[in-house]
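What follows is the residue order along each chain.
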Amino acid sequence: MTKNNILRPQAGAQETFMNIPPEIPLVFYGGAAGGGKSFALLLYILRFVDCENWYGVCFRKTLKQLSRSLWKESKAMFRPLLIHQTGKNKGKYKGKAKIIDSQGNYKIVFPSGATVEFSYLTSEKDAIENWQGAQLSAAFFDEFTHFDEGSYNYIRTRMRSNSKYPSFIRCSMNPDPNHFVKNKYLEPFIIQDETNPKYGVLDKTLNGKIRYYVFDRGDIHTSWSKEDLLDRFPNSKARMYTAVSSNLTDNPLMLANNEDYADDLQANDPANAAMLLDGNWNYQKASNGIWERTTINEITLSEVPEGLKLCRGWDKACVEKSKESSYDPDYTASTQLGKDANRNYYVFGNYITDEEGRQLSRFRKKVGARNQLILDQANLDGTDTVIVLPQDPAQAGKIELEQHAKELQEEGFIVKKDPMAYNKGKIKKFEPFCAACHNGNVFFVVDSFDRKVLDYLYLELENFDGDKNNGYKDDLLDSCASAFNYISRERISKPINIPQIDAPTLLATHRSRVS
């Protein structure tokens, strides 16, 4: 912190973070609460304020969060560096220095002219409207797990400037097991050994270790080996990133002034305490929405009864991810459902795979390539699986449904329209499936899924609250709802066992009497 008016990092995580050069364009910093993350972000800024062309931005999710925390801390930290402390100019700004603090317009200009702005970033819409055309030397995301992926990806496209330093992004964060940063970037840094007491926590032995990532067709692939990525994706650029774990023990000065802070964190519910106190990325918070994974049953293929009636529901999209745009389009997605005579339901994956063997539970393709993949999936499922397609609104949606259904029917498949009217809200379409899960009538067949696919499906289902999906898409959810709304209406007759009767018939009795 500060000693004799000198700003410095504390030994440990803060020092490791501060020593990472800007040539590493992406760094994730944090873990548990109270690790001194916000202070470290602000301190990092001071490495670059000698360059007049340097322009950084610090983001928080909302303006209120920004006003109450980061902006307040930044003024306290930076003001003494901007003003003459002695001499005839005492109290006056040095050089080009100034603080702009007016109705949410928050900026600090350093004596060289280097500038750091403080801004909120509520959604991808805010990012596009407020930052289109911007040229940024640095972006700092405080509480990164509060931001959605679309907002982050758009700001990432703004990282260019005339500064003598390379542009970079730095993110502080507390754990959120449902946030995209865990699955897409942090998994390799997290302790995976379930016998380790630190299971689910960022591994401190990996602090600052360089990992590489590439973007390919809208997906992120990472590896400890740059050569491995370039072998698999020769047309992509491998970029560096790393993570630094911090917790309460990395911030002894704060603990000295707040002796009860650890106890206050421990007083949370177990999941929140594990995330905030231990920095555990695996503890699940309570469900955000109307579906809870605790209500369902998991079984294996060997436990599935015979004689199921099967269907596969689809949710269709027709836009591919563009490398030049931050726009995050919807996916085409599907779910296979089965129903037995006792009105129990079975959720299957059984997906086709791509060239790397990954299940294609969802994909982004234009119409022609999309329809071919739907046909490929139908061929894998077989003709006993009914294909359930959605109908988009208006006449164009009806025509598209009829044309696509005809193409599949000509290949020998049965095609049905989602029976739920397209003008019904998502929550109305999803509620019947949720009710069946709650009643214990839904079984997820785990070995028909890749585990990552199944885990993502669970996250998508439980984060839907009827309005938004808390950073997740809802394409698999929609396909699941369509499949359920069709197959729940289908009748399945129970087999009837006809008893063998040894008693004589009336005719036989009559004949015996007259003979």
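Residues numbered from 1 in each chain as written. Predicted model: local features only at pLDDT ≥ 70, side-chain atom pairs only at ≥ 80, totals over all residues. Heavy atoms only, no water.

**Student:** Explanation requested: helix α13 (residues 394-409) in the structure shown.
**Tutor:** Between its first and last C-alpha atoms α13 spans 23 Å; for 16 residues at 1.5 Å apiece the expected length is 22 Å, and the two agree. Looking at α13, one finds that the buried residues are G397, L401, H404, A405 and L408. What you see down the axis of α13 is that its buried residues fit within an arc of 100°, all on one side. When the buried face of α13 is taken as reference, the exposed residues oriented beyond 90 degrees from it are A396, Q403 and K406. Residues of α13 that are buried sit in contact with α12 (367-381), β18 (385-389) and β19 (415-417). (Helix = DSSP H or I, 4+ residues; strand = E, 2+ residues; numbered from the N terminus. Expected span 1.5 Å × (residues − 1). Buried < 20%, exposed > 50% of the residue type's maximum accessible area, 1.4 Å probe, protein only. Arc of directions from axis to C-beta. Contact = heavy atoms within 4.5 Å.)

**Student:** Can you help me understand the pairing of strand β7 (residues 115-120) in this one?
**Tutor:** For a regular strand, side-chain orientation follows a simple rule: the groups alternate between the two sheet faces. For β7, the buried fraction is high: five of the six residues fall into the buried class. Bridge count between strand β4 (residues 55-60) and β7: six bridges; the pairing is parallel. Paired with V57 across the strands is E117, a residue of β7. Across four bridges, the pairing between strand β6 (residues 105-109) and β7 is antiparallel. Across the sheet, V109 pairs through a bridge with T115, a residue of β7. Counting the residues in the hairpin turn of β6 and β7 gives five residues, including G113, whose phi is positive at 105°. (Pairing = 2+ DSSP bridges.)

**Student:** In this structure, what is going on with the side chain of R370? I would like to understand it.
**Tutor:** Among the secondary structure elements, R370 is positioned in helix α12. Not counting the four nearest positions on each side in its chain, R370 is found in contact with K316, A317, C318, T332, F363, K365 and E400.

**Student:** Would you explain unusual backbone geometry in this entry?
**Tutor:** Note: most peptide bonds trans; most residues except glycine with negative phi. If you check the backbone angles, E143 has positive phi at about 60° while not being a glycine. Note that E143 resides in the loop between β8 (138-141) and α6 (149-156). Of note in this structure, R343 is not a glycine but carries a positive phi near 60°.

**Student:** When you look at helix α14 (residues 426-438) in this model, what are you seeing that I'm missing?
**Tutor:** Structurally, the α-helix is built with 3.6 residues per turn, so residues lying three or four positions apart point the same way. An ideal rise of 1.5 Å per residue puts 18 Å on 13 residues; α14 measures up with 18 Å between its terminal C-alpha atoms. The largest bend in α14 is about 30°, located at P432. For α14, the full list of buried residues reads K429, F430, F433, C434, A436 and C437. Those residues of α14 that are buried are in contact with β16 (345-348), β20 (442-445), α15 (451-462) and α16 (475-487). Of the residues one or two after α14, G440 is the one with positive phi, at around 80°. (Bend = angle between axes of the 7 residues up to and from the residue.)

**Student:** What is the right way to read the sheet that holds β4 from this model?
**Tutor:** As a general point, the strands of a sheet are linked pairwise by backbone hydrogen bonds and lie either parallel or antiparallel. Judged by pairing direction, the sheet is mixed, and its 10 strands sit side by side in the order β5-β6-β7-β4-β8-β9-β3-β12-β10-β11 without closing on themselves. The sheet is open, and its two borders are formed by β5 (98-102) and β11 (219-223), each paired with just one other strand. Across the sheet, the mean angle from the axis of one strand to that of its neighbour is 20°, orientation sign disregarded. Pairing geometry for strand β10 (residues 211-216) and strand β12 (residues 239-246), over three bridges, is antiparallel. If you follow Y213 over to β12, its bridge partner there is R239. Sheet contacts for helix α2 (residues 37-45): β3 (26-31), β4, β7, β8, β9 (168-173) and β12; angle to β9, the most-contacted strand, approximately 160°. (Axes fitted to C-alpha atoms, helices over the stretch in contact; angles between N-to-C directions.)

**Student:** What am I meant to see in the nonpolar core here?
**Tutor:** In summary, soluble globular proteins display a tendency toward joint burial of nonpolar side chains. Counting 38 residues, the largest nonpolar core has I45, W54, I108, F110, V116, F118 and F140 as its most contacted members. Top element by residues in this core is α2. It accounts for seven residues. For F110, the residues in contact, after removing those within four places along its chain, are I45, L46, V49, F78, L82, K96, A97 and V116. Core analysis: the next-biggest nonpolar cluster, separate from the first, contains 35 residues, Y345, V347, Y472 and C480 among them. (Core = buried A, V, L, I, M, F, W, Y, C linked by side-chain atoms within 4.5 Å.)

**Student:** Would you explain the packing of α12 against α13 in this entry?
**Tutor:** Helices that pack against each other are described as a pair by the angle of their axes relative to one another and the distance between those axes. The N-to-C vectors of α12 and α13 enclose an angle of 45°; their axes lie 11 Å apart at closest approach. Considering the angle they form, α12 stands oblique to α13. Read as a crossing pair, α12 and α13 show a hand that is right-handed. Between α12 and α13, the residues in contact are R370, N371, I374 and L375 and E400, H404, E407 and L408, respectively. For the contact of α12 with α13, the class distribution of residues is three nonpolar, two polar and three charged. (Parallel < 35°, antiparallel > 145°, perpendicular 65-115°, else oblique. Left-handed = near helix turned anticlockwise from the far one by under 90°. Nonpolar A, V, L, I, M, F, W, Y, C, P; charged D, E, K, R; others polar.)

**Student:** Help me out: how do you make sense of the confidence of the model for the protein in this one?
**Tutor:** The predicted model of the protein has a mean per-residue pLDDT of 86, with 84% of residues at 70 or higher. This model gives residues 261-271 a pLDDT under 50, and the stretch forms 18 contacts once residues within four places in sequence are excluded. (pLDDT = per-residue confidence, 0-100.)

**Student:** I'm lost on the packing of helix α5 (residues 124-131) against α6 in this one. Help?
**Tutor:** The interhelical angle for the contact between α5 and α6, taken along N-to-C directions, is 25°, at an axis separation of 7 Å. One element, α5, and the other, α6, form an angle in the roughly parallel class. Contacts between α5 and α6 involve E124, A127, I128 and W131 on the former and, on the latter, G150, S151, Y154 and I155. Split by residue class, the contact of α5 with α6 holds five nonpolar, two polar and one charged.

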